[in-house]
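Listed below are the residues making up each chain.
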Amino acid sequence: MTSTARPFLNRRLAEFGTTIFAEMSALAATTGAINLGQGFPDTDGPEEVREAAVRALRDGRGNQYPPGPGVPELRTAIADHQRRRYGLSFDPDTEVLVTAGATEAIAATLLALLEPGDEVVALEPYYDSYAACIAMAGASRVPVTLRPDPERARFRLDLDELRDAVTDRTRLLLINTPHNPTGTVLTREELTAIAALAVERDLLVVTDEVYEHLVFDGAEHVPLATLPGMRERTVTIGSAGKTFSFTGWKVGWVTAAPGLVTAVRSAKQFLTYVSSGPFQYAVAEALALPDSYFDDFRADMRAKRDLLAAGLADAGLTVFRPAGTYFVTTDIRPLGESDGFAFCRSLPERAGVVAIPNAVFYDHREAGAPFVRFAFCKRTEVLADAAERLRKAFSH
Ligand code: PMP
Ligand code: GLN
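The notes below deal with the structure included here.

Reading guide: rules and limits
Residues numbered from 1 in each chain as written. Chains lettered and ligands numbered in written order. Predicted model: local features only at pLDDT ≥ 70, side-chain atom pairs only at ≥ 80, totals over all residues. Heavy atoms only, no water. Near = heavy atom within 4 Å. Polar contact = N/O pair within 3.5 Å; in protein donor to acceptor, adjacent residues only side chain to side chain. Areas by Shrake-Rupley, 256 points an atom, 1.4 Å probe, with all protein chains shown as cover. Helix = DSSP H or I, 4+ residues; strand = E, 2+ residues; numbered from the N terminus. Buried < 20%, exposed > 50% of the residue type's maximum accessible area, 1.4 Å probe, protein only. Nonpolar A, V, L, I, M, F, W, Y, C, P; charged D, E, K, R; others polar. Contact = heavy atoms within 4.5 Å.

Overview of the site of ligand 1
Working step 1: Lining the immediate surroundings of ligand 1 are 13 residues, of which Thr-103, Asp-208, Tyr-211, Lys-242 and Lys-250 lie closest.
Working step 2: Here an oxygen atom of ligand 1 sits 2.6 Å away from a polar atom, N or O, in the side chain of Tyr-211.
Working step 3: Between ligand 1 and Ser-239, the relevant distance is 2.6 Å, taken from an oxygen atom to a side-chain nitrogen or oxygen of the residue.
Working step 4: Protein burial of ligand 1: of its 400 Å² of free accessible surface, 94% is covered by the chains.

Printed below as a string of structure tokens:
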């Protein structure tokens, strides 16, 4: 039955081995190092949201297959959230789809919208599932590389490069803001230019906004769907994992015009069909939390960012201060190193800390080689300990 002449994994997926997140979390487990690699909080989200999940389980809500598009309570809560925060109006029945995390939303969207041979223009470095899902759809990716600006304050999008990347085969632009791993929040001007390009070239836009609530220092999260000409051509992806610190619940969603949602649902129904029944009810309650929850969450994460960023800077790394997400990207060259992979593999032994080499998020690996990502969604004492370890290991 098996053949050794032919590898089991098909050609579309051959370049994708184990995700870096699994590899680095395993390294943290075997070495006992502090895991600042994979992005997950080390404390759970609000108690009342956890209790809402327990209540749903006990009351028998969602213990059997929920409806394919998601439970009505959650779809309504998602639509209310989009209206309250951004003035966007979506019909919960035809324009909202609940998915198994943003990961399934990305997969279903790309599998639904792409034909083999289509091109997807995406911002590099990109979240690893984008490349894999584009490949599963038989399409190809065209990276546009975000580069440090001259003051090395942030990673910046070159709008001319973006424009040049679009060809007659381009089907969609795949955008992520706030951006993992660089922490860049695209500005209103950048997003307006992206929108204008999409309208001019008649492109669909898929925008991953899972870090929408994690923006700092007055940065503004501008949903692409709010910009002129975008409401009808944009698929917006969100997730409860990041906003409510329940990454294991895997509740995500898509909001888009009815035709797009119908298409995405067609693919989604053959991936998981449905998921996370009781958790959907709990996330519906979470989305209705008062603004104070979102403000406190942001303030807490900002303090964590500052703590870790200070430790990294003291250790001698160049820190790109993130305006969003819960990741900080650094440049290791001031330490006399240039290979992020080698650095991350040796970091547990040298400093007792695990991080992620940004090169895995690049097609142009050399462009990402010296950059390393650290997650700061961890308890203050854990971050303080990590910062101390890094200082000790690298400052002389
Ligand atoms: N998109 C981005 C940019 C992410 O960083 C992540 C995971 N942290 C996801 C999507 C996946 O989200 P989920 O856990 O909801 O599947
Ligand atoms: N999105 C998380 C990160 O960037 C990891 C999620 C995963 O492990 N797939 O760290």
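Considering unusual backbone geometry
Working step 1: The peptide bond linking Glu-124 to Pro-125 adopts the cis configuration, its omega dihedral lying at 5 degrees.
Working step 2: With omega at 15 degrees, the peptide bond leading from Asn-180 into Pro-181 counts as cis.
Working step 3: Relative to the elements of secondary structure, Pro-181 occurs in the loop between strand 7 (170–176) and helix 7 (188–200).
Working step 4: One non-glycine residue with positive phi stands out, namely Tyr-273, at about 65 degrees.
Working step 5: With respect to the helices and strands, Tyr-273 occurs in the loop between helix 9 (258–268) and helix 10 (277–287).
Working step 6: Under the relative-accessibility criterion, Tyr-273 is labelled partly exposed at 39%.

With respect to the site of ligand 2
Working step 1: The environment of ligand 2 is made up of Phe-21, Gln-38, Gly-39, Tyr-127, Asn-180, Lys-242, Phe-327 and Arg-373.
Working step 2: Gln-38 places a side-chain nitrogen or oxygen 2.6 Å from an oxygen atom of ligand 2.
Working step 3: Tyr-127 places a polar side-chain atom, nitrogen or oxygen, 3.2 Å from a nitrogen atom of ligand 2.
Working step 4: Against a free-state accessible area of 300 Å², the protein chains account for coverage of 78% of ligand 2.
Working step 5: The residue makeup of the shell around ligand 2, split by class, is 3 nonpolar, 3 polar and 2 charged.

Some thoughts on the environment of Arg-75
Working step 1: Structurally, Arg-75 is set in helix 3 (residues 72–86).
Working step 2: Take Arg-75: its relative accessible area is 7%, and that puts it in the buried class.
Working step 3: Expressed as a C-alpha distance, the spacing of Arg-75 and Gln-280, which sit 205 residues apart in the sequence, is 9.2 Å.
Working step 4: Contact partners of Arg-75, with chain neighbours within four places excluded, come to Pro-69, Gly-70, Pro-92, Asp-93, Val-96 and Val-98.
Working step 5: One polar contact links the side chain of Arg-75 to the main-chain carbonyl oxygen of Pro-92, over a distance of 2.9 Å.

The values reported here are purely geometric and, on their own, carry no functional implication.
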